[in-house]
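# What the coordinates show
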Amino acid sequence: MRFVDTLKNIWTIEELRKRILVTLLLVLVYRLGCYVVLPGISPADLDALSKFTNKSGLMQLLDMFSGGAFSQASIFALGIMPYITASIVIQLLGMVLPSFQKMQREGESGRQKLNQYTRYLTVLILILQGPAYLMNIKYQVAAAGGSSAGMGIWTIIYLTIILAAGSMFIMWLGERITDRGIGNGISFIILVGIIARLPEALIYEFISRLPGATGSQGGLIMFVVEIILLFAVTVGAVLLVQGTRKVPVQYAKRIVGNRQYGGARQYIPLKVNAAGVMPIIFAQAIMFIPITLAGFGSQEGNSGFFAAFSDINGFWYNLVYFLMIVAFTYFYTAITVRPTQMAEDMKRNNGFIPGVKPGKKTAEYLDSIMSRITLPGSIFLGIVAILPAFARFFGISQNFSQFFGGTSLLILVGVVLDTLQQIESHLMMHHYDGLMKDGKIKGRTTGSAY
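Parameters at a glance
- Within every chain, residues take consecutive numbers counted from 1 along the sequence as written.
- With pLDDT at 70 or above as the cut-off, local features in this predicted model cover only qualifying residues; side-chain atom pairs require 80 or more to be listed or tallied, and sums for whole chains, interfaces and linings still use all residues.
- Hydrogens and water are ignored here; the side-chain numbers use all heavy atoms of the structure.
- Numbering goes from the N terminus for both helices and strands, where a helix is a DSSP run of H or I of at least four residues and a strand is a run of E of at least two.
- Here a helix's expected span is defined as the number of its residues, less one, multiplied by 1.5 Å.
- Exposure classes here rest on a 1.4 Å probe applied to the protein chains alone. A residue is buried below 20% of its type maximum, exposed above 50%, and partly exposed in between.
- Nonpolar cores were defined as sets of buried Ala, Val, Leu, Ile, Met, Phe, Trp, Tyr and Cys residues, with membership established by side-chain atoms within 4.5 Å.
- Contact criterion: two residues are considered in contact whenever any of their non-hydrogen atoms come within 4.5 Å of each other.
- Only Phe, Tyr and Trp rings are paired, with Trp represented by its six-membered ring, and only when their centres lie within 6.5 Å; those with planes under 30 degrees apart are stacked, over 60 edge-to-face, the remainder tilted.
- Axis definition: a line fitted to C-alpha atoms, over the contacting stretch in the case of helices. Angles run 0 to 180 degrees between N-to-C directions.
- Each crossing gets its handedness from the near helix: less than a right angle anticlockwise from the far helix is left-handed, clockwise is right-handed.
- Each residue gets one of three labels, nonpolar for Ala, Val, Leu, Ile, Met, Phe, Trp, Tyr, Cys and Pro, charged for Asp, Glu, Lys and Arg, and polar for the others, Gly among them.
- A carboxyl oxygen of Asp or Glu within 4 Å of a side-chain nitrogen of Lys or Arg is what we treat as a salt bridge.
- Each angle gets one of four labels, with under 35 degrees taken as roughly parallel, over 145 as roughly antiparallel, 65 to 115 as roughly perpendicular, and the rest as oblique.

Turning our eyes to something else, we now look at helix 13 (residues 315–336). The terminal C-alpha atoms of helix 13, which comprises 22 residues, lie 31 Å apart, in line with the 32 Å expected from a rise of 1.5 Å per residue. Here helix 13 has its buried residues at Tyr317, Asn318, Tyr321, Phe322, Met324, Ile325, Val326, Phe328, Thr329, Tyr332, Thr333 and Ile335.

Printed below as a string of structure tokens:
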């Protein structure tokens, strides 16, 4: 009954109702575009591409983030990932180049400049990724004896332009969702692409567990166990995203006129996983390099290094992947969380941590806490990232195993929490109860999933 009342309250608020409807409309446009096939691609070509995608774990991962557009040879096949890659590069440049650091400190004007540079870099990445994707189609279709095997240079050029335009249109949709809809648009589009694959994967897994199905093991009992495990992993991911260590901060009393300021105790929430999903994205970007150099895994006879690091189920791939996530978690946390600046801000506002001297000692204290809580956070993040490999090892299908961990699960959890938090803030602002009966939803400190 409370759920129905909450839906009525959401529909009552005009601004919130309009934002939700705009979000749903733009998401519908995105999903329709995922099924618009590139010119010159026949159904036989799509079948060959789909078979190749289902064989390769990394291609399935790319297909998941594009909402199935990758295997459909859609105009949205490259998805939003080139924009995310460009955003990461610009963010890293802001950490090492003084000119980019200056733009970051310039406020809104600097942010607009950085956004413009991100768009330019996105176009450059699309120009490189487009031909690579088309050559992959050409190879797979040629192997299957299809018609697209003879696509020439001019065909590749105009199809690359179409792919680039499709990705830029997705980016525009994301910005419109952010401005006029609910949640962070880019993150929401990634979320929609991931969720779009869930029903198909769930149905396939259920059918494969039915008695009499080819390769059926464990029957429906095993399917129920899988659902319970998926729920448990999701709960663990929520705890990872929400986990914080509260550091008490006391503010000195100040009397101005007849009023007293300060004197209250507050807390600094230091997140167990302050890096979010970024370490997994960094690690995946690097782990994609071997299979890219191997020709998207299509070349026969790949062995040694390329064979080991092109198999996402292999031991060495997952071991290196895990270690890189732990290392990148420390690296990204050290860059984003700055104890020295936090200590200076506290000192400037007459705040101090009880039992710790202000200034340098406070910075050292905060740094030691972050080092201690980042270790279990990074290990847990690494375990979540490689859980799909364990799921596949125990007989779970390739498609369904992707939801047992990795980037997809963390993005799904984080974006859902952020979106629910925004809806709840609208309800609270209009004096309605929140979504939760026993308290507010705690969203992430970052506004996006990447």
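Here the narrative resumes.
Okay, the nonpolar core next. Counting 60 residues, the largest nonpolar core has Tyr30, Ile80, Ile280, Tyr321, Ile325, Phe400 and Leu410 as the members making the most contacts within it. Apart from the residues within four sequence positions on either side, Ile80 is in contact with Ile170, Met171, Ile186 and Ile190.

Turning next to the packing of aromatic side chains. Applying the stated rule across the entire model yields 10 aromatic pairs. Centre to centre, the rings of Phe100 and Tyr117 are 6.0 Å apart; their planes meet at 50°, and the pair counts as tilted. Of this pair, Phe100 sits in helix 6 (residues 98–104) while Tyr117 is found in helix 7 (residues 108–144), placing the two residues 17 residues apart along the sequence. Summarising the aromatic geometry, the rings of Tyr317 and Tyr321 are spaced 5.8 Å apart at their centres and angled 50° between planes, so their arrangement reads as tilted. One end of the pair, Tyr317, and the other, Tyr321, are both in helix 13, four residues apart, so they sit about a helical turn from each other. No difference in accessibility class separates Tyr317 from Tyr321, as the two residues are buried. One aromatic cluster in this structure is built from Tyr30, Phe76, Phe169 and Trp172.

Here we come to the packing of helix 10 (residues 219–242) against helix 17 (residues 406–429). Each pair of packed helices can be described by the angle between their axes along with the distance between the axes. The geometry of helix 10 relative to helix 17 is characterised by a closest axis approach of 9 Å and an angle of 60° between their N-to-C directions. Considering only the axes of helix 10 and helix 17, their crossing is right-handed. Seen from helix 10, the contacting residues are Val233, Thr234, Ala237, Val238, Leu240, Val241 and Gln242; seen from helix 17, they are Leu409, Leu410, Val413 and Leu417. Per-class residue counts for the contact of helix 10 with helix 17 are nine nonpolar, two polar and no charged.

Next up on the list: the environment of Ile10. Relative to the elements of secondary structure, Ile10 occurs in helix 1 (residues 2–12). A C-alpha to C-alpha distance of 7.9 Å links Ile10 and Ile423, two positions 413 residues apart in sequence. Excluding residues that lie within four positions of it along the chain, Ile10 makes contacts with Leu16, Arg17, Ile20, Ile423 and Leu427.

What follows concerns the pattern of salt bridges. Under the criterion given, the structure shown has five salt bridges. A salt bridge links Arg119 to Glu175, with the nearest nitrogen and oxygen atoms 2.7 Å apart. Remark: Glu175 occurs in helix 8 (residues 153–180) and Arg119 occurs in helix 7; sequence separation between them is 56 residues. With its nearest N and O atoms 2.8 Å apart, the salt bridge here joins Arg176 to Asp179. Here the residue Arg176 and the residue Asp179 both occupy positions in helix 8, the gap between them amounting to three residues, near one helical turn. You can call Asp179 partly exposed: its relative accessible area is 45%.

Take helix 10 next. Compared with an ideal rise of 1.5 Å per residue, which puts 24 residues at 34 Å, helix 10 spans 35 Å between its outermost C-alpha atoms and is within 8% of the ideal. For helix 10, the full list of buried residues reads Gly219, Phe223, Glu226, Leu230, Val233, Gly236, Ala237, Leu240 and Val241. On the buried face of helix 10, the contacting elements are helix 9 (185–208), strand 4 (265–271), helix 15 (360–393), helix 16 (398–401) and helix 17.

Here the focus is the packing of helix 9 against helix 17. Contact pair helix 9 / helix 17: the axes reach a minimum separation of 9 Å and the direction vectors enclose 125°. Comparing the axis directions of helix 9 and helix 17 gives the class oblique. The handedness of the crossing between helix 9 and helix 17 is left-handed. Facing Ser187, Phe188, Ile190, Leu191, Ile194 and Ile195 of helix 9, the residues of helix 17 in contact are Ser408, Ile411, Leu412, Val415, Val416 and Thr419. Of the residues in the contact of helix 9 with helix 17, the class split is nine nonpolar, three polar and no charged.

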